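Residues per chain, in single letters:
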Amino acid sequence: MEHLTLHEGCRVKLDDWDPDDTGKDFDKNSALTELDTLHQQMADLQEVFYASGKYALLIVLQAMDAGGKDGTVSHVMRGLNPAGCAVTPFKVPSAEELSHDFLWRIHKAVPARGQIGIFNRSHYEDVLVVRVMQLAPEKIWRARFEQINSFEKNLAQNNVIILKFFLHISHTEQTERLRARLEDPTKNWKITPSDLEMRTKWSDYQKAYEEVLECCTTEYAPWTIVPANKKWYRNLVVAAKIVKTLKSLDLHFPPPAPGLEKIRIE
Ligand code: AMP
Ligand code: MG
């Protein structure tokens, strides 16, 4: 799955990335078994991650509407101890948030060392919806690519590990998922008339995403394009990337407090 993670300076045409891709190593059943294993590994790794308190992990989830951000949060993060993680959704900014720079609300939600933070939408909305819906002039949003890269570099230099996932679905898959939201009363709450307006802007969004993926992939904060039409494969890709990243940190439990060796509990 390594090829799904981009490298700095890459060019991206989303049409070349198949949202139906499911790799060649797993089918649905074996992927579910593998996901169980990954959950167990994630739980073990999270414990040493928390205990060592050396790094923070920031997971950014972006997708088109109905792309599966909520589903990814619940399926993939099932493996984590809630005490050491927090999910932050980013909605339309409040009046107070709008009276600050766009990164103000984001920075406040960045996880502390030892913690895992998941962003359901993020600062990338400020170069996506803001661009497509023309909520700010180009001069403003275009300057944000560089501002985002410097912000993420600052975080990375301060021991925040950053993983960014673009959940890539097809237009047809989005149509089916939005239709289900309209037709199923238990899913009505997930859809608003504005989602249907966004849908008409599909190609503008794809273009905006392509530029985000190209301009804001850095070695310290890479994007992974997750084929997301098949939920089981989406969950597998995200979980595998998190586990691999946590393993690569080669963390150890901290040494015992001085004097602990002399203490006996009778
Ligand atoms: P949902 O994630 O479905 O609850 O919807 C949240 C909505 O907030 C989406 O329509 C986003 O595009 C919108 N949103 C998030 N961040 C921003 C932002 N910075 N500016 C404008 N709209 C935003
Ligand atoms: Mg929505």
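If you're wondering where the values come from, they're calculated on a predicted model, not measured in any experiment. Think of each chain on its own: its residues are numbered from 1, step by step along the sequence as written. Whichever chain is written first is A, and whichever ligand is written first is 1; the rest continue in order. The predicted origin of the model limits local features to residues at a pLDDT of at least 70 and limits the giving and counting of side-chain atom pairs to 80 or more, whereas totals for whole chains, interfaces and linings rest on all residues. For the side-chain quantities, the full set of heavy atoms in the structure was used; hydrogens and water were omitted.

Re the packing of aromatic side chains
Then comes step 1: Aromatic pairing here means that ring centres of Phe, Tyr or Trp (its six-membered ring) are within 6.5 Å. Orientation follows from the plane angle: under 30 degrees is stacked, over 60 is edge-to-face, and everything else is tilted. Scanning the model with the defined rule gives five aromatic pairs in all.
Then comes step 2: Judged by centre distance (6.4 Å) and plane angle (80°), the ring pair of Trp141 and Phe145 falls under edge-to-face. With a gap of four residues between them, Trp141 and Phe145 both fall in helix α6 (residues 138–157), about one helical turn apart.
Then comes step 3: A 1.4 Å probe rolled over the protein chains alone gives each residue an accessible area, and that area as a share of the maximum for its type sets the label: buried under 20%, exposed over 50%, partly exposed in between. Classification of Phe145 as buried rests on a relative accessible area of 6%. Under the scheme used here, helices are H or I runs from DSSP no shorter than 4 residues and strands are E runs no shorter than 2 residues, and both carry numbers assigned from the N terminus.

Remarks on the packing of α6 against helix α9 (residues 202–215)
Then comes step 1: Lines fitted to the C-alpha atoms define the axes, with helices restricted to the stretch that makes contact. Angles between their N-to-C directions range from 0 to 180 degrees. The interhelical angle for the contact between α6 and α9, taken along N-to-C directions, is 35°, at an axis separation of 10 Å. Crossing hand, α6 versus α9: right-handed. Residues Arg142, Phe145 and Asn149 of α6 pack against Glu211, Val212 and Cys215 of α9.
Then comes step 2: Residues are grouped as follows: Ala, Val, Leu, Ile, Met, Phe, Trp, Tyr, Cys and Pro are nonpolar; Asp, Glu, Lys and Arg are charged; all remaining types, including Gly, are polar. When its residues are assigned to classes, the contact of α6 with α9 shows three nonpolar, one polar and two charged. By convention the crossing between two helices is left-handed if the near helix lies anticlockwise of the far one by an angle smaller than a right angle, and right-handed if it lies clockwise. Residues count as neighbours in contact if any of their non-hydrogen atoms are within 4.5 Å of one another.

Details of the nonpolar core
Then comes step 1: We call a set of buried residues a nonpolar core when its members are Ala, Val, Leu, Ile, Met, Phe, Trp, Tyr or Cys and they connect through side-chain atoms within 4.5 Å of each other. By size, the foremost hydrophobic cluster in this structure holds 78 residues, and its most contacted members are Leu57, Ile59, Tyr124, Phe165, Trp223 and Ile242.
Then comes step 2: Ranked by the residues each element gives to this core, the list is headed by helix α10 (residues 231–248), at nine residues.

Honestly, it's all geometry; don't read function into it.
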